[in-house]
Amino acid sequence: MPSGLVEAGPEDAGAIRAMLGPYLEELAEYADLHESGPHDYPYLDAYWSEAARHPFTIRCEEGNPVGFVLVRLPESTGTGRHQLAEFYVSPAHRRSGLGMKAVRDVWRRFPGAWEVQVHVRNVAAVGFWSTATRSFASSEARITETVSSDGPRLRFHFDIARGAR
């Protein structure tokens, strides 16, 4: 079984769904949500039925899924930009380099204009995306603040050149 970023097939939906729970619980810590209990992610099945959505797993050396990446192409976002809709690496595998390698591989696969949004209070994620865009983007990311239904976010806009490092 390969490690790193692996395109997810329908057989991987269960593994991604299992990781969505902890991911959404973690996001809720940073969001202005006033609800508790299980969180739902209604878009997951669309990643296997819509051509402009692409699911990936992030796998450790043993081949086990330890994270996921959900990508929306410009045809899906309606913005002219690719969107990294969801990105998760399990806490036990953070700071191992797997996340940075996965995002680099996604951006190599889909060069062009990109957007990533991060909750302002998620300081670790803000640092990760600041480093990732500095390391791989063709030019400096433009960062703006936006307010979503779940609170303030930072929006990173940047470009990835074809053949990026």
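My aim in this report is to walk through the structure given alongside it, one point at a time.

Calculation notes
Residues numbered from 1 in each chain as written. Predicted model: local features only at pLDDT ≥ 70, side-chain atom pairs only at ≥ 80, totals over all residues. Heavy atoms only, no water. Helix = DSSP H or I, 4+ residues; strand = E, 2+ residues; numbered from the N terminus. Buried < 20%, exposed > 50% of the residue type's maximum accessible area, 1.4 Å probe, protein only. Areas by Shrake-Rupley, 256 points an atom, 1.4 Å probe, with all protein chains shown as cover. Lys, Arg positive; Asp, Glu negative; His and termini not counted. Charge placed at Lys NZ, Arg CZ, Asp CG, Glu CD. Phe/Tyr/Trp six-rings, centres within 6.5 Å; stacked < 30°, edge-to-face > 60°. Pairing = 2+ DSSP bridges. Axes fitted to C-alpha atoms, helices over the stretch in contact; angles between N-to-C directions. Polar contact = N/O pair within 3.5 Å; in protein donor to acceptor, adjacent residues only side chain to side chain. Contact = heavy atoms within 4.5 Å.

Before going further, it helps to spend a moment on the overall build of the chain. A tally of helices and strands in the chain yields four helices and seven strands. Going from the N terminus to the C terminus, the chain shows its helices and strands as β-α-β-β-α-β-α-β-α-β-β. Across its three principal axes, the chain shows a C-alpha extent of roughly 40 × 40 × 30 Å. In the chain, which comprises 165 residues, the proportion classed as buried is 50%. In the structure as shown, the chain presents an accessible area of about 8600 Å², 50% of it carried by carbon and sulfur atoms. Both charge centroids of the chain, one from 18 positive and one from 21 negative side chains, sit 8 Å from each other.

This next bit is on the packing of aromatic side chains. Considering all chains together, one arrives at 12 aromatic pairs under this definition. Both rings, one in Trp-107 and one in Phe-136, keep their centres 6.3 Å apart while their planes meet at 70 degrees; by these two values the pair is edge-to-face. Of this pair, Trp-107 sits in helix H3 (residues 98–109) while Phe-136 sits in helix H4 (residues 123–136); the two residues are 29 residues apart in sequence, bridging distant segments of the chain. Phe-136 carries the same exposure label as Trp-107, and that label is buried.

In spatial order, the strands read E1-E2-E3-E4-E5-E7-E6; together these seven strands make up an open sheet with mixed pairing. The open sheet has two free edges, formed respectively by strand E1 (4–7) and strand E6 (142–148), since each of these has just one partner strand. On average, each strand axis in the sheet is tilted by 30 degrees relative to the strand beside it, whichever way the strands run. Alignment of E6 against strand E7 (residues 151–160), held across seven bridges, turns out to be antiparallel. Looking at the pairing, Ser-148 lines up with Gly-151 of E7.

The next thing to look at is the side chain of His-54. Note that His-54 resides in strand E2 (residues 53–59). His-54 gets classed as buried once you look at its relative accessible area, which sits at 16%. A polar contact of 3.3 Å, which involves the side chain of His-54, links it to the backbone oxygen of Ala-51. His-54 has contacts with Glu-7, Tyr-47, Val-69, Leu-70, Val-71, Leu-73 and Phe-110, leaving out every residue within four places of it along the chain.

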